[in-house]
Amino acid sequence: MRADVLIIGAGISGLSIAYTLTKRGVKDIVVVDAEYVGSGSTSRCATGIRASFTSEEHVVLMKHSVELWRELSKPEELGRYGLAFDQGGYVWTASKDESVELFRRLVTLQNSLGVPTRIVDPDKLKGLVPTMKVDEAKAALYDPTAGKSYVFDTLNAYLMACRRKGVKIMEFTSVRKLVASGGRVKAAVTERGEIEADTFIVAAGGGSKELMESIGIEVPLKNLPRHVMITEAFKPVFSPLVIDWDAGGAPFIVQTKEGNFIIGREIAEEPEKSLKSVRIDFIPTAIAPIAKWFPWLKYVRVMRYWMGYYVTSPDHHPIYGPVEEYENVYLACGYSGHGYMLAPVTGKLIAEWVLDGRPSIPQAERLTLRRIREGKLIEELAIVG
Amino acid sequence: MGGEVRKHPTIICRCNDVTIEDVERAIEEGYQDIESLRKRLRIGMGPCQGRTCIPLLVRILARKLGKKPNEIPLPTVRPPIVPIPLKLFLKSKEPGVEGE
Ligand SMILES: Cc1cc2nc3c(=O)[nH]c(=O)nc-3n(C[C@H](O)[C@H](O)[C@H](O)COP(=O)(O)OP(=O)(O)OC[C@H]3O[C@@H](n4cnc5c(N)ncnc54)[C@H](O)[C@@H]3O)c2cc1C
Ligand code: FES
């Protein structure tokens, strides 16, 4: 089998890249996935989308991405609701004075980069998040441009658009290794035979590291287990995603379009641990801080709990673009928990690297594997959801 | 999903209002395993955790794909098996929660 472009991984990154390439006129695209579409981190994620980060690279890329989320959620080629972006905002609550101070500095940075975050007082917070008990809040950082989407609607929109444009999606086809010679990758060896291509894009989430190892490239990624739970569904209560900045492990809560509440918090974990190693202690740990803000939660029932990987790079920024050793392979991985929100801009950037030789957003050029090889890591404080 | 109005819809997932027609359409769209169908349609994701609808879904899918029901892989079972009130996970001493 042969393709112009072979994309490994049919998560939101792979689909967004495929979709963007078709829009730019590329015809013969194959996307392979070891399992079903979205089976990796994508369908396990909390779907938060925001530009309120703390590094210039993140803020600038995310801002582009948020604009694309809006653009692609208009009823155009991606169906009636497009990507289904719901711009309900994000609020980060602070219960310590020093956090409010930090928020002020973040607002200055974010505003200077065009992200209109602002500090709100507890009264305003209560207005933004009805039913929230705000007594302990000193203030909150509010990002009105942030939001969420419904992951399965979003994936479906990308998937149907890719199919309509003739992208071939091969599910349940695992790539065992890549084969290279003379500075070019020649083929991907799958359990169903080889696929040759002119261009290879590795958007394989937690599998990217091993694939690149097969052609001698070290991509320092760790698969860090993250835990989330979902409650029964209720009427719409509040739209923003709410994060507690001061509780440690950044507990958050968000209501899905279907009415369920998704709740998460970071707990101490070892990289590479199986996604079947259930930690029931996660539930009380995550609930305790959130139930302080939303006392009614104690009457709510938890329906399911699951785990997924944050595929994490050394500086918590994505690893994008070309590698020096091979001229026809591009990386799109290592999002460290933010690959969902980045997906539209990921598609744009990788398509530009493939077709134009460089991305149109200069900050993206700092995000190739080279920075890690040269030890030029980027700093980011707001790693959550 | 499952929002389209029909004269005689046959609901197979009562928790999340999914009809046979929704299932058949999704299978035609290319969602051909239980895990993907579950995510696309929310079938089996309701409070009963798919007790009634997943066995029905397995049979419909088997028929459509010309397989035996026991050849269709079942979805991942995630804890808890039944929905549990969150208060059972909260210590009553938790400040701000107590006596609410
Ligand atoms: C609990 C949790 C909460 C999160 N919350 C957020 C959030 O709020 N906002 C946000 O932006 N991000 C969030 N994330 C991160 C987000 O889920 C990921 O960054 C994003 O989904 C990455 O998408 P992807 O397509 O790159 O990777 P994936 O979705 O992991 O897709 C990679 C695909 O590659 C396939 N694959 C792997 N190896 C091979 C191989 N050898 N051959 C063939 N196929 C292969 C896999 O099967 C998989 O389907 C969260 C993650 C978790 C776990
Ligand atoms: S009937 Fe389908 S989940 Fe309850």
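Residues numbered from 1 in each chain as written. Chains lettered and ligands numbered in written order. Predicted model: local features only at pLDDT ≥ 70, side-chain atom pairs only at ≥ 80, totals over all residues. Heavy atoms only, no water.

Some thoughts on the overall build of chain B
If you tally the helices and strands in chain B, you get 3 helices and 3 strands. When the helices and strands of chain B are placed in sequence order, the string is β-β-α-α-α-β. Taking all 100 residues of chain B together, the buried fraction comes to 42%. For chain B, long-range pairs separated by at least 24 residues make up 41% of all intrachain contacts whose partners lie at least 6 apart in sequence. Total accessible area computed for chain B in this model is approximately 5,800 Å², and 55% of it derives from carbon and sulfur atoms. (Helix = DSSP H or I, 4+ residues; strand = E, 2+ residues; numbered from the N terminus. Buried < 20%, exposed > 50% of the residue type's maximum accessible area, 1.4 Å probe, protein only. Contact = heavy atoms within 4.5 Å. Areas by Shrake-Rupley, 256 points an atom, 1.4 Å probe, with all protein chains shown as cover.)

Let's talk about the overall build of chain A
Scanning chain A from N- to C-terminus turns up 9 helices and 19 strands. A compact globule built from 385 residues would reach a C-alpha radius of gyration of about 21 Å, and chain A, at 20 Å, matches this within 12%. Counting only C-alpha atoms and orienting by the principal axes, one finds that chain A spans roughly 65 × 45 × 40 Å. Within chain A, buried positions represent 61% of all 385 residues. Here the analysis covers contacts within chain A between residues at least 6 apart in sequence; of these, 72% occur between residues at least 24 apart. For chain A, the accessible area works out to roughly 14,500 Å², and carbon and sulfur atoms hold 50% of it. Of the charged side chains in chain A, 48 are positive and 47 negative; the average position of the first set lies 4 Å away from that of the second. (Rg over C-alpha atoms; globule rule 2.2 N^0.38 Å. Lys, Arg positive; Asp, Glu negative; His and termini not counted. Charge placed at Lys NZ, Arg CZ, Asp CG, Glu CD.)

Observations regarding the packing of aromatic side chains
All names here are of chain A. Enumeration according to the criterion identifies 15 aromatic pairs over all chains in this entry. When the ring of Phe103 is compared with that of Trp245, the centres are 5.6 Å apart and the planes differ by 75°; the resulting orientation is edge-to-face. Taken together, the residues span a long stretch of sequence, with Phe103 in helix 3 (residues 97–112) and Trp245 in the loop between strand 14 (241–244) and strand 15 (252–255) at a distance of 142 residues. Trp245 sits in the partly exposed class, given a relative accessible area of 22%. In textbook terms, an aromatic cluster arises when at least three aromatic residues are bridged by ring pairs, as seen for Phe234, Phe238, Phe261, Phe294 and Trp296. Taking the ring centre of Phe53 as reference, the NZ or CZ of Arg50 above it sits at 3.7 Å. Residue placement shows Arg226 over the ring face of Tyr310; its charged tip is 3.9 Å from the ring centre. (Phe/Tyr/Trp six-rings, centres within 6.5 Å; stacked < 30°, edge-to-face > 60°. Lys NZ or Arg CZ within 6 Å of the ring centre and 35° of its normal.)

Here's the deal with helix 1 (residues 20–29) of chain B
Residues and elements named next belong to chain B. All of the buried residues in helix 1 are Asp22, Val23, Ala26 and Ile27. Angularly, the buried residues of helix 1 cover 130° about the axis, an arc narrow enough to put them on a single face. In this structure, the buried side of helix 1 is in contact with strand 1 (11–13), strand 2 (18–19), helix 2 (34–41) and helix 3 (53–65). Downstream of helix 1 by one or two residues, Gly30 has phi in the positive range, about 115°. (Arc of directions from axis to C-beta.)

Comments concerning the sheet that holds strand 5 (residues 90–94) of chain A
Spatial strand order, 6(A)-7(A)-5(A)-14(A)-15(A)-16(A)-13(A)-17(A)-3(B): 9 strands in an open sheet with mixed pairing. For this open sheet the edge positions go to strand 6 (118–120) of chain A together with strand 3 (84–85) of chain B, each flanked by a neighbour on one side alone. Pairing of strand 5 of chain A with strand 7 (residues 139–143) of chain A, which is carried by 5 bridges, proceeds in the antiparallel orientation. Paired with Val91 of chain A across the bridge in strand 7 of chain A is Tyr142 of chain A. (Pairing = 2+ DSSP bridges.)

Thoughts on the interface of chain B and chain A
It is common to give the size of an interface as the accessible area that goes away when the parts come together. Listed as interface residues are 31 residues of chain B and, on the opposing side, 35 residues of chain A. Taken together, the two surfaces of chain B and chain A that pack against each other cover about 3,000 Å², and 60% of this comes from carbon and sulfur. Linking chain B with chain A are 0 salt bridges. Counting the contacts that link chain B with chain A gives 12 residue pairs in polar contact (both at pLDDT 80 or more). (Buried area = accessible area lost by both parts, 1.4 Å probe. Salt bridge = Lys/Arg side-chain N within 4 Å of Asp/Glu carboxyl O. Polar contact = N/O pair within 3.5 Å; in protein donor to acceptor, adjacent residues only side chain to side chain.)

Considerations on the pattern of salt bridges
Scanning the model with the defined rule gives 31 salt bridges over all chains in all. The residue Glu365 of chain A makes a salt bridge to Arg358 of chain A at a minimum N-O spacing of 2.8 Å. Here Glu28 of chain B ties to Lys64 of chain B by a salt bridge, and the two come within 3.7 Å at their closest N and O atoms. One end of the pair, Glu28 of chain B, is in helix 1; the other, Lys64 of chain B, is in helix 3, and 36 residues separate them in sequence. Using a relative accessible area of 37% as the deciding quantity, one classes Lys64 of chain B as partly exposed. Where salt bridges share partners, they join Arg2, Asp4, Asp28 and Asp198 of chain A into one cluster.

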